[in-house]
Amino acid sequence: MKKELEAIQAEVLQALKQINTQDQLESLRIEYFGRKGKLTDVMKGMGKLSKEERPIIGKLANEIRSSLSDAFEAAKTALDSKQQGQQLKAESVDITLPGRKPTLGKAHPVMQILQRIEEIFMQMGFQVVTGPEVETEHYNFDALNTPPDHPARDLHDTFYLTDGHLLRTHNSPVQIRAMENQQPPIRIIVPGKAYRVDYDVSHTPMFHQVEGLLVDRHVTFSELKGVLVSFARQMFGDQTQMRFRPHFFPFTEPSAEVDISCTVCQGKGCRSCGHTGWIEILGAGAVDPEVFRAVNYDPEEVTGFAFGMGVERIANLQFRIPDIRTFYENDLRFLNQF
Ligand code: DAH
């Protein structure tokens, strides 16, 4: 029996050296110390020993038992710290690695210009209002003195929707909505999207406009000129010259197209301005009495002026993009330059 006990001790000590995990350690413990374990079995045989042998073997068995139990304890501690070491290594952070720079979003170049335009007009006391992009023919054309048979309708390549709806071809319908909603004085600008069936280097089917409207008693054309000159100088620089060319719009009378001195050659004439020294930036005019009648304003009581500009065009004068369609291709290599 002594031999058996010593063999078991040697076996266990040998087996402990092979142990790699807590699970293996636990199976080994059960294999020897469990209720049906090998050591337990041997101990059960003690009853058959003689009186003389019993205390000697009993003592030996206890010693082996407790020394093995110490060995198990030691193995468990060793496994624990090994595991902890591995975990620490796996979870450690290499603080010498370069950091990941968060990429910050920024305003699209067209939005940057739009914000600047809004700022300038807000300083002059204009309020920013918006309106729907899906419009009716009434607001987009009729109320703006452009009846169905009016030739000016052909100038707008309109996206028609169903039930008399369309995508607004300009922001001017918001003039009508604003005048329906409030009484003069009105001093608003209307930034937002407009749509036309158009696609080439200087046109995209969706583009942005800023419409302006001022209505009050005794508003004059020279005030329109003052507002626009002030805008142009703040936008393009103090030296900017401006000229009004007679034009036609159904909703204004008289109407003008407004040019500024070329931002590239300062008016001397170059390729950008077709050697004229001038660049067209907007349309404007005195509000037509017919438009006032459409919103039940009395044209004998109030006068006003309106203007409308394309934001991509202004952005292009600032940034000089050969093809404005690139604004909407969402190529980050392009967009990151602004
Ligand atoms: N709605 C015109 C367009 O899209 C721009 C415009 C011209 C607006 C003259 C106006 C204006 O308010 O008075 O081409």
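Below: a short report on this structure. This one's a predicted model, so the numbers in the text were calculated from it and none came from an experiment.

### Looking at the site of the ligand
The ligand sits among 15 residues. The nearest are His-170, Ser-172, Arg-196, Gln-209 and Glu-211. Contact distances for the ligand include 3.4 Å between an oxygen atom and a backbone N or O atom of Phe-307. Mapping the ligand onto the cavity grids shows that it belongs to the largest pocket. Only β5 (206-216), β8 (278-287) and β9 (303-310) provide two or more residues apiece to the shell around the ligand. Per-class residue counts for the shell around the ligand are five nonpolar, eight polar and two charged.

### With respect to the packing of aromatic side chains
For the structure on display, the rule yields 12 aromatic pairs. An angle of 20° between the planes, with centres 4.9 Å apart, marks the rings of Phe-121 and Phe-231 as stacked. With Phe-121 in helix α5 (residues 109-123) and Phe-231 in helix α9 (residues 221-236), this residue pair connects regions lying 110 residues apart in the sequence. Residue classification places Phe-231 among the buried positions, given a relative accessible area of 0%. Cluster of aromatic residues (ring-pair linked, three or more members): Phe-319, Phe-327, Tyr-328, Phe-334 and Phe-338. One cation-aromatic arrangement involves Arg-177 over Tyr-139; the distance from NZ or CZ to the ring centre is 3.9 Å. Over the aromatic face of Tyr-199 sits the side chain of Arg-325, whose NZ or CZ is 4.7 Å from the ring centroid.

### A look at the sheet that holds strand β7 (residues 252-261)
Ordered by their spatial adjacency, seven strands build an open sheet running β1-β4-β5-β9-β8-β7-β6, and the pairing between neighbours is mixed. The open sheet has two free edges, formed respectively by β1 (127-128) and β6 (242-249), since each of these has just one partner strand. Sitting on the sheet, helix α8 (residues 173-181) is in contact with β4 (186-195), β5 and β9, with an inclination near 40° to β5. Along the sheet face, α9 touches β6, β7, β8 and β9 and points at about 150° away from the line of β8.

### Notes on the pattern of salt bridges
Counted by the stated rule, this structure contains 14 salt bridges. Glu-290 is the partner of Arg-293 in a salt bridge, and the nearest nitrogen-oxygen pair spans 2.8 Å. Here Arg-293 and its partner Glu-290 are both found in helix α10 (residues 289-294), three residues apart, which amounts to about one turn of the helix. Taking the relative accessible area as the measure of exposure, Glu-290 reaches 38% and is therefore partly exposed. Taking the shortest distance from any N to any O, the salt bridge between Arg-333 and Asp-331 comes out at 2.7 Å. For Asp-331, a relative accessible area of 28% translates into the label partly exposed. The network of salt bridges with shared partners includes Arg-243, Arg-245, Glu-257 and Asp-259.

### Thoughts on the packing of α5 against helix α11 (residues 311-319)
Running from N to C, α5 and α11 point in directions that differ by 100°, and their axes come no closer than 9 Å. In terms of orientation, α5 and α11 fall into the roughly perpendicular class. Listed contacts from α11 to Pro-109, Val-110, Gln-112, Ile-113, Leu-114 and Ile-117 of α5 are Val-311, Glu-312, Ile-314, Ala-315, Gln-318 and Phe-319. For the contact of α5 with α11, a count of residues per class yields nine nonpolar, two polar and one charged.

### Here we look at the layout of surface pockets
Of the pockets and cavities examined, the largest pocket occupies roughly 1200 Å³. Contributing to the lining of the largest pocket are 47 residues, with Arg-196, His-203, Glu-280, Gly-310 and Arg-313 lying nearest its centre. The set of elements that each furnish at least two residues to the lining of the largest pocket consists of α7 (152-155), β5, β6, β7, β8, β9 and α11. Take the lining of the largest pocket: its biggest share by element is six residues, from β8. The calculated volume of the second largest pocket comes to roughly 150 Å³. If you go around the second largest pocket, the residues you meet are Leu-104, Gly-105, Lys-106, Ala-107, His-108, Pro-109, Gln-112, Leu-332, Leu-335, Asn-336 and Phe-338. Residue assignment for the lining of the second largest pocket shows that the elements contributing at least two residues are α5 and α12 (332-335).

### Thoughts on the side chain of His-170
As for its position among the elements, His-170 is in the loop between β3 (165-167) and α8. Classification of His-170 by relative accessible area gives buried; the value is 4%. Each residue touching His-170, except ones within four places of it in the same chain, is listed here: Asn-140, Leu-144, His-156, Ala-194, Arg-196, Gln-209 and Phe-251.

### A short note on the environment of Ile-281
Mapping Ile-281 onto the fold places it in strand β8. Given the relative accessible area of 1%, Ile-281 is considered buried. Through-space distance from the C-alpha of Ile-281 to that of Lys-268 is 18 Å; in sequence the pair is 13 residues apart. In this structure, Ile-281 is in contact with Phe-231, Phe-236, Met-242, Val-258, Asp-259, Ile-260, Met-309, Gly-310, Arg-313, Ile-314 and Leu-317, ignoring residues within four places of it in sequence.

What counts, and at which threshold
Residues numbered from 1 in each chain as written. Predicted model: local features only at pLDDT ≥ 70, side-chain atom pairs only at ≥ 80, totals over all residues. Heavy atoms only, no water. Near = heavy atom within 4 Å. Polar contact = N/O pair within 3.5 Å; in protein donor to acceptor, adjacent residues only side chain to side chain. 1 Å grid on protein atoms, 1.4 Å probe; cavity = no way out; pocket = protein on both sides within 12 Å on 5 of 7 lines; lining within 4 Å. Sits in = over half its atoms within 2 Å of the grid points. Helix = DSSP H or I, 4+ residues; strand = E, 2+ residues; numbered from the N terminus. Nonpolar A, V, L, I, M, F, W, Y, C, P; charged D, E, K, R; others polar. Phe/Tyr/Trp six-rings, centres within 6.5 Å; stacked < 30°, edge-to-face > 60°. Buried < 20%, exposed > 50% of the residue type's maximum accessible area, 1.4 Å probe, protein only. Lys NZ or Arg CZ within 6 Å of the ring centre and 35° of its normal. Pairing = 2+ DSSP bridges. Contact = heavy atoms within 4.5 Å. Axes fitted to C-alpha atoms, helices over the stretch in contact; angles between N-to-C directions. Salt bridge = Lys/Arg side-chain N within 4 Å of Asp/Glu carboxyl O. Parallel < 35°, antiparallel > 145°, perpendicular 65-115°, else oblique. Points joined across faces, edges and corners; volume = space filled by probe spheres on them.

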